[in-house]
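# Structural characterization, general
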Amino acid sequence: MLTFNRYLRATSLEEAYTEAQKKSSVVLGGGMWLRLGKRRIGTAIDLSDLGLCGVEETEDSYRIGAYTTLRDLECHAALNTQYSGVLRESLRAIVGVQFRNLATVGGSVFGRFGFSDVVTVLLALDASVELYKAGVVSLERFCTMGRVNDILTHVIIPKRSLSVSYHAQRNSATDFPVLNVCAARNGEQVTVCVGARPARAVAYRYTLDGTAGKAERIANEIASRAVFDSNTRATARYRRHLCCVLVRRALDDILEKEEA
Ligand SMILES: Cc1cc2nc3c(=O)[nH]c(=O)nc-3n(C[C@H](O)[C@H](O)[C@H](O)COP(=O)(O)OP(=O)(O)OC[C@H]3O[C@@H](n4cnc5c(N)ncnc54)[C@H](O)[C@@H]3O)c2cc1C
């Protein structure tokens, strides 16, 4: 069972950051992942009073507060219209609605989980994270960083005219994904992100013209370049095979949508 000695409802980001510097402190998101641990925490830091809930739409971006829930993203009309429903599609298999009403965007991104659907999609949308002290860092770079002792305040998705497609394979409906892929095309440039390898998602960039042959070549190349591992859900070999299939589906989907 998770236990903590002290509960701090922070009144400012500075107070939360200062407290978070102590090794025994932990920043709370929705607590859905944290609660599975057996750690004894010194201070649990709650950011509920710091106005970090909700999606702010500006002329050139969507700025998502860390305490926005996964369900809020899944149901966000403007984001889903802008990105072909890819957020709805990628989030709907995460456990259940009640769970997604509690799990936060901040906890999901800060965790950089090797099974994450959330990170794979946000990476394809070229998102950045806003950290209280370190400032804005691209999600791609954040995914390569070691331990970060900061507070994630926002996730920023730039407004782009993208064709996007998301695909995942699960052994059963709401289990962790065996592999997930999100491709986003901007003009002739396509970014293909592969996650649940099972390791942090990675992005590959290619030029994609409208030919099916090119899509197949890209799918084969990513499947051979990416590093996969085995766990209780699947072998590395199966994941490599899946990668080729899912990337091909995502690229074909984008080409078909654009043709239509
Ligand atoms: C049973 C189960 C199944 C799941 N299945 C999937 C799945 O299929 N696909 C998927 O993508 N995800 C899945 N997840 C992950 C889930 O969607 C959330 O990402 C996860 O629960 C973390 O979100 P949270 O808000 O609960 O964060 P918490 O558990 O509260 O925190 C997670 C970590 O982030 C830190 N943290 C939280 N917020 C901040 C912040 N603002 N700044 C700095 N640090 C912070 C915490 O200290 C902690 O280390 C699953 C989780 C569980 C428990």
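Structure: above.
Residues numbered from 1 in each chain as written. Predicted model: local features only at pLDDT ≥ 70, side-chain atom pairs only at ≥ 80, totals over all residues. Heavy atoms only, no water.

## Looking at unusual backbone geometry
Selection rule: Helix numbers and strand numbers start at the N terminus; a helix is a DSSP run of H or I with at least 4 residues, a strand a run of E with at least 2.
Backbone torsion omega between Arg197 and Pro198 reads 5°, so that peptide bond is classified as cis. One can find Pro198 in the loop between strand S11 (189-195) and strand S12 (202-207). In the Ramachandran plot, Val95 falls in the positive-phi region, its phi being about 55° despite a non-glycine side chain. Relative to the assigned elements, Val95 resides in the loop between helix H4 (86-91) and helix H5 (97-100). Non-glycine residue Ala196 carries a positive phi angle of around 60°. Counting through the fold element by element, Ala196 comes out in the loop between S11 and S12.

## Details of the packing of aromatic side chains
Operational definition: Pairs were defined over the aromatic rings of Phe, Tyr and Trp, the Trp ring being its six-membered one, requiring ring centres within 6.5 Å. Orientation was assigned from the angle between planes: stacked under 30 degrees, edge-to-face over 60, tilted for the rest. With a 1.4 Å probe rolled over the protein chains alone, any residue whose accessible area is under 20% of its type maximum counts as buried; one over 50% counts as exposed, and the rest are partly exposed. Remark: a charge is flagged as sitting over a ring if the NZ atom of Lys or the CZ atom of Arg is within 6 Å of the ring centre and within 35 degrees of the ring normal.
Here the structure, examined in full by the defined rule, presents 6 aromatic pairs. Pairing Trp33 with Phe113 gives two aromatic rings, centres 4.9 Å apart and planes at 50°, and the pair type is tilted. Here the residue Trp33 occupies a position in the loop between strand S2 (26-27) and strand S3 (40-46), and Phe113 occupies one in the loop between helix H6 (105-111) and helix H7 (117-124), the gap between them amounting to 80 residues. A residue is classified by how much of its surface remains accessible, and Trp33, at 45% relative accessible area, is partly exposed. With a centroid separation of 4.4 Å and 55° between ring planes, the pair formed by Phe115 and Phe176 is classed as tilted. Of this pair, Phe115 sits in the loop between H6 and H7 while Phe176 sits in the loop between strand S9 (163-170) and strand S10 (177-186); the two residues are 61 residues apart in sequence, bridging distant segments of the chain. According to the relative accessible area criterion, Phe176 is partly exposed, its value standing at 34%. Among the aromatic residues, those joined into a cluster by ring pairs are Trp33, Phe113, Phe115 and Phe176. Over the face of the ring belonging to Tyr17 we find Lys133, whose NZ or CZ atom lies 5.3 Å from the ring centre. One cation-aromatic arrangement involves Lys159 over Tyr62; the distance from NZ or CZ to the ring centre is 5.2 Å.

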